[in-house]
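Here is how the chains run, residue by residue.
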Amino acid sequence: MAVIVWWALKNGKSRDSKSYFLAGRSMSWGVVGLSLFAASISSTTLIGQTGDAYSTGIAVFNYNLVGVVVMVFFATFLLPIYIKSGIFTIPEFLERRFDARSRYYFSAICILGNVFLDAATALYAGALIVKLLMPSLEIQAIVVVFALLAASYTIPGGLSSAINAEIIQAVILIVGSILLAVIVTMSGGFEYFKELLISDDYMTKLIRPIDDASTPWLALLVGMPITGLYFWANNQTLVQRVLSARSLNAGRNGVMLNGGITLTTLFLFAIPGVMSQKLFPGLESPDMVYPAMIINLMPVGLLGVMIAVLFAALTSSLSAIMNSTSTLFTMDFYSKLNKKASDKQLVRVGKIVSLVVIIIAALWAPQIGRFGSILKYYQEMLAYLSPPIVASFIVGIFSKRVNAQGVFIGLISGLIVAVLLLIFKSAIFGDMHFLFIVPILFVISLLIMYVCSLFSPAPDKSKLEGNIFTIAQFKEETLELKKAKWYTNYRVWGLVLLCISALMLFVFS
C-alpha cells in the first residue's frame, strides 16, 4: 500500500482542471482498460458476487455478462459522442443536448449515489473483512483508516494519481483472484462443481426460470441491460476513465480490454463461490464466503497477498468515486456559480469536495449493515434510480424530436414514480423481482419524455449537432475502419466479446 500511495503521488497531476479531473486526456488503451476494471471491481463485488454465488449459484455472473454486451453498445454508439463533445462530466452532455435543469438533476443524483451507495458500501465491505481478521477493531475505526488511505493520494493528485494507482491495483486484483480460484479448485471445489455440472444442477445455470428469486431469464433481456447502461455508460466514476483516453480509439479499445477481463469473473468469483458450498457449508451469511475462503484456505504469505487484493479493490473504487464526485460538483455546480473561477480555484474546490465526500461516506458506512446482503442493497437502489436517467440518454442520442422540457418532466416524474414504487411495491406488485421494476420505470419515463416533448417546439439544430447518433457518421466510420489493421479495430474485439458471451450462455444454460 505504501508503494501504491508513493507511485500515485509521484504521477499525480494537479496543475490545471484538465490535468486534475481528466488526467490531461492522455491515457493509453491499456491503462484505460486496467483502470476501468480496478474501479469497477470493488470490495463490494468481491464479497457480494461470491456470496450471491454461494447462496444462489453462478447466475450472479449474468450482471457481468450483460455488462459486457452493454460495453460493446456503449463503445459503438455513445462513447464517440461523449469524447468528441469534450465534456468533463456525463451530466454535462445533458445540458449540451437539452438544458441546465437536466444536468443539475442528474449530477445531484450521481453525487448522492456516489456517497451513499458506492463509497459507503465499498468502505463497509472492506471493513467487514478486516474485522474478521482483527475482531477487536471497531467497524467505524477500520472505515476511517481506509478512507484516509484512499484520500492520501486521490485528493492531492486527482484522476492521474487514481489511475496510476489502479494500474498496480488491477494487476494485484487479477493475480490474487487467480491464486484464490486455483486454491479453492484444488481444495476439493473442482470435484464438487463437476458433480453439479454432470447432474445438471440448478446452481450451474445462468438461464433461470421466470419465477427464479435471483435472476429470472426475462430480466436478462428487459432489466439488466438498463441497469448495465447506467453502470457502464452513464456512471461518472467509470466513464471518467474512458474520457481520460488520448483518443476515441484508445477509449474504445480500453473498454474492450475491460470487457475481456470482466468475462473471466465467472471463473474468478462466481464458480469459486459455488465451490465454497462444499468447503464451508452452513455459513451464517453469504457475505462471509469470501473472507472464509481467504482466512481458511490461503497459506501464510499468500494470505497477505489476498489482503492486499482486498485493500487494492477497496482503495481503487474509493479513489475513483472521490475523484468523480469532486469532478461532478466542481464542473457542474461550482464552475456555474463562479464563472470566473481560475483553474487553480477549480482544483482547490475539487480537493475540498473529495475530502467532504470521504468524511460523509465514512460516517454512513456502518449503517449499511442494516440492509442485509451488500449486493442486494446496491442492486435494488440502482434499479430504482437508474431507469429515468438511462431513458434521458437514449432519447437524447437516438431521437431528434425529444426536447429539454420533455426530458426534465420525464426525469422528475420517473423519480416520483420510483419513490412511490419503492414505498408501495409490495402492495402493488407483491414479491415481484426488482429487475422487473426496471423496465416499467424505463418505459414510463421514456413515454413521458416523448409525449411531453410533443407539446413544445422541437429542439434547435444547435442542440442536435454533434450530440445525436447518425447513420451517415456510422457509415463514414465503417469506411475508415476498413483501412485499419484488424487487431486495432474495436468492432472486431466487440464481436469476439459478444461471441464468447453467447458461448458462455450456451454452455451454462
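Quick summary incoming for the structure in this document. In this text, all values refer to a predicted model and were calculated from it rather than measured experimentally. (Residues numbered from 1 in each chain as written. Predicted model: local features only at pLDDT ≥ 70, side-chain atom pairs only at ≥ 80, totals over all residues. Heavy atoms only, no water.)

## Observations concerning the nonpolar core
- Ranked by size, the top nonpolar core spans 127 residues in total, and within it Leu46, Ile58, Phe74, Tyr82, Val255 and Tyr290 carry the most contacts.
- By residue number, the principal contributor to this core is helix α5 (residues 62-85), which donates 14 residues.
- Once you skip the residues sitting within four places of it in the chain, Phe74 turns out to touch Leu79, Pro80, Tyr82, Trp232, Ala233, Val239, Val242 and Val255. (Core = buried A, V, L, I, M, F, W, Y, C linked by side-chain atoms within 4.5 Å. Buried < 20%, exposed > 50% of the residue type's maximum accessible area, 1.4 Å probe, protein only. Helix = DSSP H or I, 4+ residues; strand = E, 2+ residues; numbered from the N terminus. Contact = heavy atoms within 4.5 Å.)

## Digging into empty space enclosed by the protein
- If you walk through the whole model with that rule in mind, you get four cavities of 30 Å³ or more.
- Empty space within the second largest cavity amounts to approximately 110 Å³.
- Residue lining of the second largest cavity: 13 residues in total, with Gly113, Asn114, Asp118, Tyr230 and Leu382 positioned closest to the centre.
- Counting residues per element, the ones that place at least two in the lining of the second largest cavity are α7 (100-133), α10 (224-234) and α17 (374-398).
- Looking at the lining of the second largest cavity element by element, the count peaks at six residues for α7.
- For the lining of the second largest cavity, the residue count by class is seven nonpolar, five polar and one charged. (1 Å grid on protein atoms, 1.4 Å probe; cavity = no way out; pocket = protein on both sides within 12 Å on 5 of 7 lines; lining within 4 Å. Points joined across faces, edges and corners; volume = space filled by probe spheres on them. Nonpolar A, V, L, I, M, F, W, Y, C, P; charged D, E, K, R; others polar.)

## Notes on a nonpolar patch on the surface
- Taken together, the side chains of Ile416, Val419, Leu420, Leu422, Ile423, Phe424 and Ile428 present a nonpolar region at the surface, about 650 Å² in accessible area.
- On the secondary structure map, Leu420 appears in helix α18 (residues 404-429). (Patch = residues over 30% accessible without salt bridge, like charges linked within 9 Å, V, L, I, M, F, W, Y side chains within 5 Å. Areas by Shrake-Rupley, 256 points an atom, 1.4 Å probe, with all protein chains shown as cover. Salt bridge = Lys/Arg side-chain N within 4 Å of Asp/Glu carboxyl O.)

## What about the side chain of Ser392?
- For Ser392, the location among the structural elements is in helix α17.
- Under the relative-accessibility criterion, Ser392 is labelled buried at 0%.
- Dropping the residues within four chain positions of it, Ser392 is found in contact with Leu94, Phe98, Val407, Leu411 and Met449.

## What about the environment of Val222?
- Secondary-structure assignment places Val222 in helix α9 (residues 217-222).
- The exposure class assigned to Val222 is partly exposed, which follows from its relative accessible area of 28%.
- Sequence separation of Val222 and Ile437 is 215 residues, and the distance between their C-alpha atoms is 9.7 Å.
- With residues up to four places along the chain from it excluded, the contact list for Val222 reads Phe436 and Pro439.

## Side note on the side chain of Asn234
- Within the secondary structure layout, Asn234 lies in helix α10.
- When near neighbours in sequence (up to four residues on either side) are disregarded, Asn234 contacts Tyr82, Ile90, Phe106, Leu229, Val239, Ile389, Val390 and Phe393.

## Concerning helix α3 (residues 29-40)
- For α3, which comprises twelve residues, the first-to-last C-alpha distance of 16 Å matches the rise-based estimate of 16 Å (1.5 Å per residue) to within 8%.
- Residues of α3 that are buried include every one of Gly30, Val31, Val32, Gly33, Leu34, Ser35, Leu36, Phe37, Ala38, Ala39 and Ser40, and no others. (Expected span 1.5 Å × (residues − 1).)

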